[in-house]
Structure formats: C-alpha cells, structure tokens
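Now for the letters of each chain:
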Amino acid sequence: MAGGSTAEARKKARRSPRSFSFAALRARGMSRRAIRRRVAEGEYVRVRRDVYVERGESEDIVRAARVGGRLDCVSAMRERGVFVRERGGLHIQVDPRSGRLASPEDRKQCLAAVHGVVVHWRDDPAPDHDLLADPVASAARAVRCQHPRDAVATIDSALHLGVIRADQIDALFALLPARCAALRPLVDGRAESGAESLARLALHVLGRSIDLQVRIDGVGRVDLLVDGWIVVECDGKAFHESWAAQLEDRRRDLALAARGYACVRVTAMTVFEERHVLVAAVRGLLRARR
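Residues numbered from 1 in each chain as written. Predicted model: local features only at pLDDT ≥ 70, side-chain atom pairs only at ≥ 80, totals over all residues. Heavy atoms only, no water.

Caption draft 1: Focus on the packing of helix α7 (residues 148-161) against helix α9 (residues 194-203). Put simply, α7 and α9 touch, their axes get as near as 9 Å, and they point 135° apart. Comparing their axes, α9 and α7 come out oblique. The chirality of how α7 crosses α9 is right-handed. Contact residues: α7 offers R149, D150, V152, A153 and D156, while α9 offers G194, S197, L198, R200 and L201. Here the residues of the contact of α7 with α9 are counted per class, giving 4 nonpolar, 2 polar and 4 charged. (Axes fitted to C-alpha atoms, helices over the stretch in contact; angles between N-to-C directions. Helix = DSSP H or I, 4+ residues; strand = E, 2+ residues; numbered from the N terminus. Parallel < 35°, antiparallel > 145°, perpendicular 65-115°, else oblique. Left-handed = near helix turned anticlockwise from the far one by under 90°. Contact = heavy atoms within 4.5 Å. Nonpolar A, V, L, I, M, F, W, Y, C, P; charged D, E, K, R; others polar.)

Caption draft 2: Representation of the sheet that holds strand β6 (residues 117-121). Taking strand neighbours across the sheet as the criterion, the 3 strands line up as β4-β5-β6 in an open arrangement whose pairing is mixed. The open sheet has two edge strands, β4 (70-71) and β6, and neither has a second partner. With 2 bridges connecting them, β4 and strand β5 (residues 90-94) associate as antiparallel partners. Note that in β5 the partner of L71 across the bridge is I92. Running over the sheet, helix α4 (residues 59-67) touches β4 and β5 and is turned about 40° from β5. (Pairing = 2+ DSSP bridges.)

Caption draft 3: How the structure looks around the sheet that holds strand β9 (residues 230-235). In spatial order, the strands read β7-β8-β9-β10; together these 4 strands make up an open sheet with mixed pairing. Whereas interior strands pair on both sides, the edge strands pair on one side only; in this sheet they are β7 (210-216) and β10 (262-267). Neighbouring strand axes in the sheet, compared pairwise and without regard to direction, differ in orientation by 40° on average. Judged from the 6 bridges that link them, β7 and strand β8 (residues 220-226) form a sheet pairing that is antiparallel. In the strand pairing of β8, I216 is matched with G220. Across the sheet, α9 lies against β7, β8 and β9, angled at about 30° from β8, the strand it touches most.

Caption draft 4: Representation of unusual backbone geometry. With phi around 65°, D50 is a residue other than glycine that occupies positive phi space. Assignment of secondary structure puts D50 in the loop between β2 (44-48) and β3 (51-54). Residue classification places D50 among the partly exposed positions, given a relative accessible area of 36%. If you check the backbone angles, Q213 has positive phi at about 50° while not being a glycine. With respect to the helices and strands, Q213 occurs in strand β7. Judged by relative accessible area, Q213 falls into the buried class, the value being 16%. (Buried < 20%, exposed > 50% of the residue type's maximum accessible area, 1.4 Å probe, protein only.)

Caption draft 5: Summary view of the packing of α9 against helix α13 (residues 275-289). Where α9 contacts α13, the two axes come as close as 10 Å, and the packing angle between them is 60°. On the basis of the axis angle, α9 is oblique to α13. Here α9 runs over α13; the crossing is right-handed. Contact residues: α9 offers A199, A202 and L203, while α13 offers R275, L278, V279 and V282. For the contact of α9 with α13, the residue count by class is 6 nonpolar, no polar and 1 charged.

Caption draft 6: Here's a closer look at the pairing of β5. Taken across its 5 residues, β5 has 5 buried, putting it largely inside the fold. The alternating pattern of β5 places L90, I92 and V94 on one face and H91 and Q93 on the opposite face, and all of these are buried. Bridging between β5 and β6 involves 5 bridges; their strand directions are parallel. Bridge pairing links I92 to V119 in β6.

Caption draft 7: Region of the structure containing a positive patch on the surface. Together, R26, R32, R33 and R36 make up a region of like positive charge exposed at the surface. By residue number, the principal contributor to the positive patch is helix α3 (residues 32-40), which donates 3 residues. Note on placement: R26 falls in helix α2 (residues 22-27). (Patch = residues over 30% accessible without salt bridge, like charges linked within 9 Å, V, L, I, M, F, W, Y side chains within 5 Å. Areas by Shrake-Rupley, 256 points an atom, 1.4 Å probe, with all protein chains shown as cover. Salt bridge = Lys/Arg side-chain N within 4 Å of Asp/Glu carboxyl O. Lys, Arg positive; Asp, Glu negative; His and termini not counted. Charge placed at Lys NZ, Arg CZ, Asp CG, Glu CD.)

Caption draft 8: Region of interest: the environment of M269. Along the chain, M269 falls in helix α12 (residues 268-273). It is 8.2 Å that separates the C-alpha atoms of M269 and A195, two residues lying 74 residues apart in sequence.

As structure tokens, this is what we get:
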C-alpha cells in the first residue's frame, strides 16, 4: 500500500462520527428555526425523531442512526477502513433496552419489515451519541461473523491501521469463545492488505518460514518472503493498474532475480478466490530447488 494511502486509511480509522439530539443542538445555541433551516439546507440529516447526523457522513452511518443504533461488527470495521471480506448486510449494535427500531431507509417504517440488517443486541462502552461501536468489541464481533481465515485478516488490518492496539489483543480474545484462541498465534499486524494476510495463511500449509514486509537492498520492501528466497507480491488493482506501476513491478522482479530470489506475483482476486493456485506455484518452486 502506498504511503499516502496508508495515511488516509489511518485517518479514516480515527474518525468518530456521532449523532446529535435536538436538545444538544439547542445547547449549542441554535434556535428551533435555525435547526429547521440547517436541515432544509442539508447541513444536518434528521434520521429519527429529535436525532440528527451531520452532512457528509457515509450512507451506512446514516442508515445505522436511522435504525436507532450504531455500526457494529463487519460494518464498523469496514467503515474504519479495516479489511473485511464479508459484504452482505448492515450490522448494527443496538442497546437491549431500546424500543421500536426503524428501517434504515425510512424512519417511519418498522425494521421488522426489512431484510439485510443484522442486529447485535448488546451493551457497548462507546458513548450513546457515537455511531461506531467500540473498536475492540466490534472487532471481536467481526471475528464471530466471518470465516476464521478472514477474521485473522481483519484483525491484522485493524492492528496495522491502529484501530486496535497490540496491548488490546488480550481484551479482544477475552470477548470470544475459547475455541477462537487458536487464531491468536496467526495474527500479524505487519500485513498491509487483506490479500497479504490471506496469502500468508494459505502458505502456512507448506511448513516453511514466512516473513512479511521484508526490505531487500536494491529492491525495497516485498510483501512476503517464503523460505528466505521466494518473494510473493500481492497486487491490488488500485495500485498496479497504471503502466508506470507495471514498469516498476517489472524492474523490481528483474532486480530480485539478479539477487537470486524467485518472485511470484499474484492478484488479490486470486488470493481471495483461488488460493490453491498460489500454494501450487510456491510448492512447485520449492520442489524444483530440491
């Protein structure tokens, strides 16, 4: 991931979107007329009775506030810029004591008539006006709602972006069933993308050493280094679709070969959908060297 993009992702991870009650806006010195005018001008969105969200918040944030909760689980992780493979449904944390829940599209419609919304009934340490669930709690919830391999990639990404800290991993796993403890040794926050995490996990079956973000003189950093000599580069479309980027990739591949490294360049989609192809390629190189 490019440096600027990493900085952008970390800035997004620190966002704290919130809602405002009518009383809170009045306490800011706004009159009833001023509030109505700002809603009419689009500065605020009225999501529920006496509840408002500022202009510019994401669609998912507005939908969660309209339901009467906050983004949770995989939806909260995605909103913070964390890698999540699961794409279906809107996951919302709702206080168990909450009353009537509304549709995320229409505050006058009951949520019971809407499909595609996953409600997590639980208390949350985040303040009532926050529209993103506590990061540790939502990361733990995301582990339970994903395949174990994808869950590890989500934790890796959250660590890399600073959404959760290394000293919070104990707290995260304390919120999970005992069976999830097996995932903890697999977590590695050095991975800069979900594809890197999933590639690393797929290659564990080979029983060889795997290191991440290794710097090689004359080349720069590489995504993964297997057995000390096989470089695996995970290419995402966003950072490798220009001709200039492709030329740089080829220069790096030649520089690696000149230094005795073999390079396997794989797309993120291959890692996501056909990881056996990557495993077979690396296994073939290991077999050839023997």
